[in-house]
Amino acid sequence: MPSDAAQSSEFSPRQNAVLEQALLLLVDGGEKALTTSGVARAANCSKESLYKWFGDRDGLLSAMIAYQASKVRTFERNGERLTAASLHDHLVIFARDLLEVLAGDVSLALNRLAIGQSNRDGSKLGTLLLERGRRQIDKRAGGLIDAGKRAGLLRFSNGDEAYHTLYGLVVSDLHVRMLLGEPGMKDTGSQAERAVSAFLRLYGTEKVSAEAAATV
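In this report, we go over the structure that sits alongside the text. This is a predicted model, so every value here is computed, not measured.

## Overview of empty space enclosed by the protein
All chains considered together, the criterion is met by one cavity of 30 Å³ or more. Here the largest cavity is characterised by a volume of approximately 40 Å³. What lines the largest cavity is T36, L50, Y51, F54, G55, D56, R57 and L60. Counting only elements with at least two residues in the lining of the largest cavity, the list comes to α3 (47-54) and α4 (57-69). Element by element, the count of residues in the lining of the largest cavity is highest for α3, at three residues. The residue makeup of the lining of the largest cavity, split by class, is four nonpolar, two polar and two charged.

Have a look at this one:
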């Protein structure tokens, strides 16, 4: 699983712990288990604290999804100068985290719940999953790819196209198969390496090729 460093800075450690309990409730008991009383009891906090931190039930769901998405780590702009090796490493971390999060019981439960609610009037879960989950991951991973281009390590004319190529190489149809009940991938590390290697062959510049050749 991703390390504690992947946890969202959007929330405090106490709030993260509450969100983790809420996610476990959802996995174990489904939508009916996700009540403010149930979350407060499981997380040993007051309902007043839940309303103060997250607002209504939709706010709690939004926070749960954002917290889950934060487990997929990407490159943070902390002054680090990207090299071919560090770009590769950041991409592999992203790919492995993405696979592990998508294959986890929590993400599968959230997506199945959203699919089940898709025909209901007023259902917001699918929209929340896109806006607070997938799009936040896309935005941060796109920042890594853009940083790779600025460093002269990647070449592409359309960043969205390059990112979606990476996403497709990493995930393929795995998530759909798991939603349908197929067991998840056992070796996410190897799949992450293969996907990143293929992506760098497609979009890597001569700098990447030269450094890869030097390490063989």
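Here the narrative resumes.
## Focus on the packing of aromatic side chains
Taken as a whole and assessed by the stated rule, the structure comprises five aromatic pairs. Consider the rings of W53 and F54, whose centres lie 6.0 Å apart with planes at 70°: the pair is edge-to-face. What links up through ring pairs into an aromatic cluster is the set F11, W53 and F54. Taking NZ or CZ as reference, R134 lies 3.8 Å from the ring centre of Y167, over its face.

## Looking at the side chain of Q15
Mapped onto the secondary structure, Q15 falls in helix α1 (residues 13-29). When its relative accessible area of 13% is taken as the criterion, Q15 is described as buried. Here the side chain of Q15 touches S12 through a polar contact of 2.9 Å, landing on its backbone nitrogen. The contacts of Q15, once residues within four sequence positions are left out, are W53 and F54.

Cut-off values and rules
Residues numbered from 1 in each chain as written. Predicted model: local features only at pLDDT ≥ 70, side-chain atom pairs only at ≥ 80, totals over all residues. Heavy atoms only, no water. 1 Å grid on protein atoms, 1.4 Å probe; cavity = no way out; pocket = protein on both sides within 12 Å on 5 of 7 lines; lining within 4 Å. Points joined across faces, edges and corners; volume = space filled by probe spheres on them. Helix = DSSP H or I, 4+ residues; strand = E, 2+ residues; numbered from the N terminus. Nonpolar A, V, L, I, M, F, W, Y, C, P; charged D, E, K, R; others polar. Phe/Tyr/Trp six-rings, centres within 6.5 Å; stacked < 30°, edge-to-face > 60°. Lys NZ or Arg CZ within 6 Å of the ring centre and 35° of its normal. Buried < 20%, exposed > 50% of the residue type's maximum accessible area, 1.4 Å probe, protein only. Polar contact = N/O pair within 3.5 Å; in protein donor to acceptor, adjacent residues only side chain to side chain. Contact = heavy atoms within 4.5 Å.

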